[in-house]
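Understanding the architecture of this molecule
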Amino acid sequence: MFGTVVVGVGIAGLARIRDLMNPMPSSPSEHLKLLGFVSRRSFGNINEAKQISLEDALQNKDIHAAFISTENRSHEETIRMFLEAGKHVLVEYPMALSAKAAHELWEMAEQKGNTFILKSVSSLT
């Protein structure tokens, strides 16, 4: 199993939590285990998923990937933190607010040997 965390619990983040908690049979999500979610607001648990701190998500060796579902302006900073921590990243569109930042993030992922996937919210359905 591949440990994951969802960062941000807006519409996209809640959809990610739901999908990771109940993966479709024979889908790649069956190999992912949701180990928690990160939010700046205090929720406790959502559908049996427990809230963890950003620091815990970054430091937890069992978390291999982060689903970034925060507001657009925080994508770049959040992606950088998870790439620096050696995590794979899936991010909702846009990955950054400038082409320069996007190229830097892409290069950082390549240098670290991490997978970096850009996901459009509209393709969730």
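Sequence order as written defines residue numbering, which begins from 1 separately in each chain. Note on the predicted model: pLDDT of at least 70 is required for a residue's local features to be given, and 80 or more for side-chain atom pairs to be given and counted; whole-chain, interface and lining totals, by contrast, use all residues. Neither water nor hydrogens contribute to the side-chain values; these are computed over all heavy atoms in the structure.

Looking at an unreviewed UniProt entry, the protein chain carries the name BIEA reductase, with the source organism given as Panurus biarmicus.

1. With respect to the pattern of salt bridges
Where we set the bar: Criterion for a salt bridge: a side-chain nitrogen of Lys or Arg within 4 Å of a carboxyl oxygen of Asp or Glu. Strands here are runs of E lasting at least two residues and helices are runs of H or I lasting at least four, both read from the DSSP assignment and numbered beginning at the N terminus. Here the term buried applies to any residue with accessible area under 20% of the maximum for its type, exposed to any over 50%, and partly exposed to those in between, with areas from a 1.4 Å probe on protein chains only.
Applying the stated criterion across every chain, the model contains six salt bridges. Measuring nitrogen to oxygen at the nearest pair gives 2.9 Å for the salt bridge that ties Arg 80 to Glu 104. Here Arg 80 is found in helix 3 (residues 75-84), whereas its partner Glu 104 is found in helix 4 (residues 99-112), with 24 residues between them in sequence. You can call Arg 80 partly exposed: its relative accessible area is 22%. Judged by its relative accessible area of 33%, Glu 104 falls in the partly exposed class. Residue Glu 104 is joined to Lys 100 by a salt bridge in which the shortest nitrogen-to-oxygen separation is 3.8 Å. Highlighted residues: Glu 104 and Lys 100, both in helix 4, separated by four residues, approximately one helical turn. Here Lys 100 falls in the exposed class, since its relative accessible area comes to 60%. Among the ionic contacts, a cluster of salt bridges with common partners joins Glu 76, Arg 80, Lys 100 and Glu 104.

2. Quick word on the packing of helix 3 against helix 4
Two quantities define a packed helix pair, namely the angle between the axes and the distance from one axis to the other. Heads up, the rule is: For helices, the fitted axis covers only the stretch in contact; all axes are lines through C-alpha atoms, and the angles between them, taken along N-to-C directions, range from 0 to 180 degrees. Here the word oblique covers every angle except those under 35 degrees (roughly parallel), over 145 (roughly antiparallel) and from 65 to 115 (roughly perpendicular). Contacts between residues were defined by any pair of non-hydrogen atoms, one from each residue, lying within 4.5 Å. The residue classification treats Ala, Val, Leu, Ile, Met, Phe, Trp, Tyr, Cys and Pro as nonpolar and Asp, Glu, Lys and Arg as charged. All others, Gly included, are polar.
The contact between helix 3 and helix 4 brings their axes to 10 Å, and the two run at 10°. It follows that helix 3 is roughly parallel to helix 4 by the angle criterion. Across from Glu 76, Ile 79, Arg 80, Leu 83 and Glu 84 in helix 3, the residues of helix 4 making contact are Ala 101, Glu 104, Leu 105, Met 108, Ala 109 and Lys 112. The residue inventory of the contact of helix 3 with helix 4, partitioned by class, reads six nonpolar, no polar and five charged.

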